[in-house]
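Given next are the chains, with one letter for each unit.
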Amino acid sequence: MISQSISLTDETLTLRPMRVADARSVVEAVQESVAEIMPWLGWCTPAYDLAVATAWLDSLPQAWSAGIQYAFAITDTTTGRFLGSTGLNHINHIHRLANLGYWVRTGATRRGVASRSARLIARFGFEQLGLIRAEIVVSVGNQASLRTAEKAGARPEGVLRNRLVIRERVTDAVMHALIPQDFGLPIS
């Protein structure tokens, strides 16, 4: 089992497991960013509050222990400021793949935070979980996230028709993927 005290860093950013103590920081970041992320992430609404954040954060240790979701806080290494979240979910242990997701608060965008976080979490998946594929599925209209996936080095593999449903709106999505070879790692 992977320790919930693990920390990943590129010297500028630190990724660490989300914890209940992050609730206020999460709410603050979501509220700051509703206009930008609400169209793309169904859980993000103007009503996102401490109760919603706490309920989600309370569920994460069990999901981590069960190996079904690994959610990390993205923080500034120097200040510790909460910048967003990234993680691996929808883990398929048979085919050794997972969905890789990310979101970054509005005040931290356009600095490479999301793309660097995606690379850190993908490498974690390959080295610690034995994954051979990390998929990033992005709505065709989400230009910022499409750029992030490409900056992270993920290759676009095609448009998947009717792939996402966001607030009952069906949308096509671009499938991107990272594999161990993108990092010079062998498949284990």
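Shown above is the structure to which this text applies.
Notes on the structure in this doc start here. (Residues numbered from 1 in each chain as written. Predicted model: local features only at pLDDT ≥ 70, side-chain atom pairs only at ≥ 80, totals over all residues. Heavy atoms only, no water.)

Attention shifts here to the overall build of the protein. The helix and strand tally for the protein stands at 4 helices and 8 strands. N-terminal to C-terminal, the α/β element order of the protein is β-β-α-α-β-β-β-α-β-α-β-β. Scaling as 2.2 N^0.38, a compact globule of 188 residues should have a C-alpha radius of gyration of about 16 Å, and the protein matches this with 16 Å. Along the longest, intermediate and shortest principal axes, the C-alpha atoms of the protein span 40 × 40 × 30 Å. Taking all 188 residues of the protein together, the buried fraction comes to 46%. Long-range pairs, those at least 24 residues apart, make up 61% of the contacts in the protein between residues at least 6 apart in sequence. Just so you have it, the protein exposes about 9600 Å², and 53% of that area is on carbon and sulfur atoms. Of the charged side chains in the protein, 19 are positive and 16 negative; the average position of the first set lies 3 Å away from that of the second. (Helix = DSSP H or I, 4+ residues; strand = E, 2+ residues; numbered from the N terminus. Rg over C-alpha atoms; globule rule 2.2 N^0.38 Å. Buried < 20%, exposed > 50% of the residue type's maximum accessible area, 1.4 Å probe, protein only. Contact = heavy atoms within 4.5 Å. Areas by Shrake-Rupley, 256 points an atom, 1.4 Å probe, with all protein chains shown as cover. Lys, Arg positive; Asp, Glu negative; His and termini not counted. Charge placed at Lys NZ, Arg CZ, Asp CG, Glu CD.)

Following both chains from N to C, one finds helix 1 (residues 23-37) and helix 2 (residues 50-66) inclined at 125°, their axes separated by 9 Å at the closest point. What the angle tells us is that helix 1 and helix 2 run oblique. For the pair helix 1 and helix 2, the crossing hand works out as right-handed. The segment helix 1 lies against helix 2, with Ala-23, Arg-24, Val-26 and Val-27 engaging Leu-50, Ala-53, Thr-54 and Leu-57. (Axes fitted to C-alpha atoms, helices over the stretch in contact; angles between N-to-C directions. Parallel < 35°, antiparallel > 145°, perpendicular 65-115°, else oblique. Left-handed = near helix turned anticlockwise from the far one by under 90°.)

Keep in mind that these numbers describe shape and distance, not what the molecule does.
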